[in-house]
Structure formats: C-alpha cells, structure tokens
Amino acid sequence: VSVYDGSSWDSVGTGFPSNTTINALTFYNGKLYAGGDATLGSSTEALFSLDSGNWTPRIIRYVSGSDYVVNAMAVYQGKLYMGGPRLATWNDTTETYNNLLSFVSSSGIYSMVVYGGYLYIAGTFSWGGAIPVNNIVRWNGSSFDSVGTGTNGAIYKLKVMNGELYAGGSFT
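All figures in this text were calculated on a predicted structure; none of them were measured in a lab.

Quick look at the packing of aromatic side chains now. For the structure shown, the criterion picks out 9 aromatic pairs. With centroids separated by 4.9 Å and ring planes inclined at 80°, the aromatic side chains of Phe 16 and Phe 48 adopt a geometry described as edge-to-face. A residue pair is termed long-range when its members are at least 10 positions apart, and Phe 16 in the loop between β2 (9-11) and β3 (21-28) and Phe 48 in strand β5 (residues 43-51) qualify at 32 residues. Residue Phe 48 is classed as buried on the basis of its relative accessible area of 0%. Taking the centre distance of 4.5 Å and the plane angle of 45° together, the rings of Trp 139 and Phe 144 count as tilted. In textbook terms, an aromatic cluster arises when at least three aromatic residues are bridged by ring pairs, as seen for Phe 16, Phe 48 and Trp 55. Cation over ring: Arg 138 sits above Tyr 118, and NZ or CZ is 3.8 Å from the ring centre.

Pasting the structure below:
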C-alpha cells in the first residue's frame, strides 16, 4: 500500500507478508483496512488494518485455496462488508467476521457500492441468497433483491456519480 502526496509515492506501514496482494482499501471506524490475499503455508490472511504504522492481520484462516480472498470492501449501515468468493461482515470490536453468502469457486464479488440506501454487490454470480440474479444484487441489511435483469457478463466495477449507478465489466 502506498500514498501519493502530489509529487511522490511513499509506502504506508510495514508488516505485510512478502507475497501479499491487496485488492481493496477502505476506512472503517477511523482505521485504514486493506483486503486481499496473503498465503503463508496453510494460512490465508485476507484482511489487515493499519495500527500504529504496522499492518495487522485481522482474518487468518487455516484453509487451502482462495475462499477467503477479499476483492472489494464497503461500509454500509455501520458495518464493514468484504466481498470475494464470500460476502462477509467484519466486527472490529470482537475481531470476528460473519459469513453472509458463499459462492462457488468460479464465482465471486468484484465491486460494492452504497447507492439509494442499499449496498450493491457485483461480480460474476447467478444468485444472491435464494434469489436468482445476473451478476449484481442489492442488500438492504437483512435480505437480497435482484437489480432489474442484471447483466449477461461479469461486472468488475460499480461507481455512483450524479445520482446514478454505473457498472463496468465484460457484458453487452
């Protein structure tokens, strides 16, 4: 993770394992959080927070594979949401996560954004909870809803501008 001051880039903090990939950054409860993937043997570290100049692992799972990778993060209704092959929330008081939804290995979340009072979640998937969807779903804090007919291909990025929701990806 680096910061640009208008003229040069500087590293932010120390403590990431050497093979770490950071896919997402967000501020939550006054801290900078980084989500990604750092595999150390059979341990997968997916979420880090910057504490006094050091990156501290917050989610460490002893599993093989990439089912704990974080590709996207958003703060919604006071909770930190993390998306990848799973949708989960992080509780920084108890330092625990709550898994809300798991996808098959070839599916996952790539982007999340708050828009119109909902958390919009996009990627490559065909269902949100028990609801059939096409690569995008919205969450109201307790249940999922479809977003129109969705798209016919993956959504990699969501952005809100001038009161409208934009999606970018590989769809027509």
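Leu 87, Met 112, Leu 119 and Ile 121 are the most contacted members of the largest nonpolar core, which has 15 residues in total. When residues of this core are assigned to their parent elements, the largest contribution, 3 residues, is made by strand β7 (residues 72-76). Apart from residues lying up to four places away in sequence, Leu 119 is in contact with Ala 74, Tyr 76, Tyr 81, Met 112, Val 113, Val 114, Val 137, Arg 138 and Trp 139. Formed by 13 residues, the second largest nonpolar core is a distinct cluster that contains Ala 46, Tyr 68, Met 73 and Leu 80.

So, about empty space enclosed by the protein. Applying the stated criterion to the full structure yields 1 cavity of 30 Å³ or more. Residue lining of the largest cavity: 12 residues in total, with Tyr 68, Val 70, Met 82, Arg 86 and Ala 88 positioned closest to the centre. A per-element tally of the lining of the largest cavity places strand β9 (residues 86-91) first, with 3 residues. A class-by-class count of the residues in the lining of the largest cavity yields 10 nonpolar, no polar and 2 charged.

Along the chain, Thr 151 falls in the loop between β16 (144-146) and β17 (155-161). Polar contacts involving the side chain of Thr 151 include one to the main-chain carbonyl oxygen of Gly 153, which spans 2.6 Å.

Unoccupied space between atoms shows up once a probe the size of one water molecule is rolled over them. Approximately 160 Å³ is the volume attributed to the largest pocket. Every residue along the wall of the largest pocket is listed here: Tyr 28, Lys 79, Tyr 81, Thr 89, Trp 90, Asn 91, Thr 96, Tyr 97, Asn 98, Leu 100, Trp 139 and Gly 141. Among the elements of the structure, β8 (79-83), β9 and β10 (96-102) are those that each provide at least two residues to the lining of the largest pocket. In terms of residue count, the dominant contributor to the lining of the largest pocket is β10 (4 residues). For the lining of the largest pocket, the per-class residue count stands at 6 nonpolar, 5 polar and 1 charged.

Here the focus is the sheet that holds β16. Pairing is antiparallel in the open sheet, where 4 strands are placed in the order β11-β12-β15-β16. Across the chains shown, the open sheet's two edge strands, defined by having one partner strand only, are β11 (108-115) and β16. Averaged over all neighbouring strand pairs, the angle between strand axes comes to 30°, with direction disregarded. Here strand β12 (residues 118-124) runs beside strand β15 (residues 136-139); their pairing, made up of 4 bridges, is antiparallel. Residue pairing in the sheet places Ala 122 in a bridge with Ile 136 of β15.

Turning our attention to the environment of Asp 92. Position of Asp 92 relative to the elements: it lies in the loop between β9 and β10. For the pair Asp 92 and Leu 80, spaced 12 residues apart in the sequence, the C-alpha separation amounts to 8.8 Å. Excluding its chain neighbours within four sequence positions, the residues that come into contact with Asp 92 are Tyr 28, Asn 29 and Tyr 33. One polar contact links Asp 92 to Asn 29, side chain to side chain, over a distance of 3.0 Å.

Thresholds applied
- Throughout, residues of each chain are indexed from 1 in the direction in which the sequence is written.
- Only residues with pLDDT of at least 70 get local features here, since the model is predicted, and only at 80 or more are side-chain atom pairs given and counted; chain-wide, interface and lining totals rely on the full set of residues.
- Note that water and hydrogens are dropped before the side-chain values are worked out from all heavy atoms of the structure.
- Stacked, tilted and edge-to-face pairs are distinguished by plane angle, under 30 degrees for stacked and over 60 for edge-to-face with tilted covering the rest, among Phe, Tyr and Trp rings (Trp via its six-membered ring) whose centres lie within 6.5 Å.
- For helices the rule is a DSSP run of H or I covering at least 4 residues; for strands it is a run of E covering at least 2, with both sets numbered from the N terminus onward.
- Between buried and exposed lies partly exposed: a residue is buried under 20% and exposed over 50% of the maximum accessible area for its type, with that area taken using a 1.4 Å probe on protein chains only.
- Our definition puts a charge over a ring when NZ of Lys or CZ of Arg is within 6 Å of the ring centre and also within 35 degrees of the ring normal.
- Here, the term nonpolar core denotes a set of buried Ala, Val, Leu, Ile, Met, Phe, Trp, Tyr and Cys residues that are joined through side-chain atoms within 4.5 Å.
- A contact between two residues is defined here by any heavy atoms of the two lying within 4.5 Å.
- Cavity: a set of points on a 1 Å grid over the protein atoms alone where a 1.4 Å probe fits but cannot get out. Pocket: an open set with protein on both sides within 12 Å along at least five of seven lines, its lining residues, like those of a cavity, having an atom within 4 Å of a point.
- Grid points are joined across faces, edges and corners, and a volume is the space filled by probe spheres set on the points.
- Put simply, Ala, Val, Leu, Ile, Met, Phe, Trp, Tyr, Cys and Pro go in the nonpolar bin, Asp, Glu, Lys and Arg in the charged bin, and everything else, Gly too, in the polar bin.
- Counted as a polar contact is a pair of N or O atoms within 3.5 Å, where, for protein atoms, one must be capable of donating a hydrogen and the other of accepting one, and residues adjacent in sequence contribute only when both atoms are in side chains.
- Being paired, for any two strands, means DSSP has found at least two bridges between them.
- Axis angles are defined between N-to-C directions and span 0 to 180 degrees, where every axis is a line fitted to C-alpha atoms and, for a helix, only to the segment in contact.

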